[in-house]
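What the coordinates show
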Amino acid sequence: MLYTQFDQVFFERTRLSLITILYRDGRASFLGLKRALGLTDGALYAHLEKLVRAGYVGKEKELVGDGVQTVYFLTKKGRREFQRYLSFVEEVLSHRSTLDGGDR
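Just so we're clear, the structure is a prediction, and the values are computed from it rather than from any experiment. (Residues numbered from 1 in each chain as written. Predicted model: local features only at pLDDT ≥ 70, side-chain atom pairs only at ≥ 80, totals over all residues. Heavy atoms only, no water.)

Attention now goes to the packing of helix α1 (residues 13-25) against helix α2 (residues 30-37). Where α1 contacts α2, the axes come no closer than 11 Å and their chain directions differ by 120°. If you check the angle between α1 and α2, you find them oblique. Seen from above, α1 lies across α2 with right-handed handedness. Contacts between α1 and α2 involve Thr14, Ser17, Leu18, Ile21 and Leu22 on the former and, on the latter, Leu33, Ala36 and Leu37. (Axes fitted to C-alpha atoms, helices over the stretch in contact; angles between N-to-C directions. Helix = DSSP H or I, 4+ residues; strand = E, 2+ residues; numbered from the N terminus. Parallel < 35°, antiparallel > 145°, perpendicular 65-115°, else oblique. Left-handed = near helix turned anticlockwise from the far one by under 90°. Contact = heavy atoms within 4.5 Å.)

Here we take up helix α3 (residues 41-53). In this model, α3 (13 residues) spans 18 Å end to end at C-alpha, consistent with the 18 Å of a helix rising 1.5 Å per residue. Three or more residues of α3 are buried, namely Leu44, His47, Leu48, Glu49 and Leu51. Of the surrounding secondary structure, the elements contacted by the buried residues of α3 are α1, α2, β2 (57-64) and β3 (67-74). (Expected span 1.5 Å × (residues − 1). Buried < 20%, exposed > 50% of the residue type's maximum accessible area, 1.4 Å probe, protein only.)

What follows deals with the packing of aromatic side chains. Tallied over the entire structure, the rule returns 2 aromatic pairs. For the pair Tyr23 and Phe82, a centre-to-centre distance of 4.6 Å together with 45° between the ring planes defines the contact as tilted. Linking Tyr23 in helix α1 with Phe82 in helix α4 (residues 76-99), this pair joins segments that are 59 residues apart in sequence. Residue class for Tyr23 comes out partly exposed when judged on its relative accessible area of 25%. The buried category is assigned to Phe82, whose relative accessible area is 5%. When the ring of Phe82 is compared with that of Tyr85, the centres are 6.0 Å apart and the planes differ by 40°; the resulting orientation is tilted. Note that Phe82 and Tyr85 are positioned in helix α4 at a spacing of 3 residues, about one turn of the helix. An aromatic cluster is present here, built from Tyr23, Phe82 and Tyr85 joined pairwise through their rings. Over the ring of Tyr56 we find Lys77, and its NZ or CZ is 4.9 Å from the ring centre. (Phe/Tyr/Trp six-rings, centres within 6.5 Å; stacked < 30°, edge-to-face > 60°. Lys NZ or Arg CZ within 6 Å of the ring centre and 35° of its normal.)

A few words on the nonpolar core. Within the largest apolar cluster, 20 residues are counted, with the highest numbers of intra-cluster contacts made by Phe10, Leu22, Leu33, Leu44, Leu48, Val57 and Tyr72. Mapped onto this core, the elements with two or more residues apiece are α1, α2, α3, β3 and α4. (Core = buried A, V, L, I, M, F, W, Y, C linked by side-chain atoms within 4.5 Å.)

So, about the sheet that holds β2. Judged by pairing direction, the sheet is antiparallel, and its 3 strands sit side by side in the order β1-β3-β2 without closing on themselves. At either margin of the open sheet sits one strand with a lone partner, and together these are β1 (27-29) and β2. Neighbour-to-neighbour, the strand axes of this sheet turn through a mean angle of 30°, independent of strand direction. Sheet topology places β2 next to β3; 8 bridges connect them, and they run antiparallel. Among the inter-strand pairings, Leu63 is bridged to a residue of β3, identified as Val68. Along the sheet, α1 contacts β1, β2 and β3; its crossing angle with β3, the most-contacted strand, is approximately 95°. In the packing of α2 onto the sheet, the strands contacted are β1 and β3, and the crossing angle to β1 comes to about 85°. (Pairing = 2+ DSSP bridges.)

This is the structure:
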């Protein structure tokens, strides 16, 4: 049960937050993610591109009114890795409760 079982692209605070939002919402626009996390355009873009290059996140362009927006979503790999992460957290929490005798 090592925390290092997740790669550095996935297991980084901001990127894990992005993955969590995409897992919960299914899809999110660049602007929606920027508002949710309070990041600059450059910082958000850099994090998203790392996730896209690693195969965890996909992106598509959508027509909205008179313009175009980029929408992000988890790939099968990203969804599978996040579910593995959730199982890991559940395992850590259940292991902890057996070590400290249950409720506090």
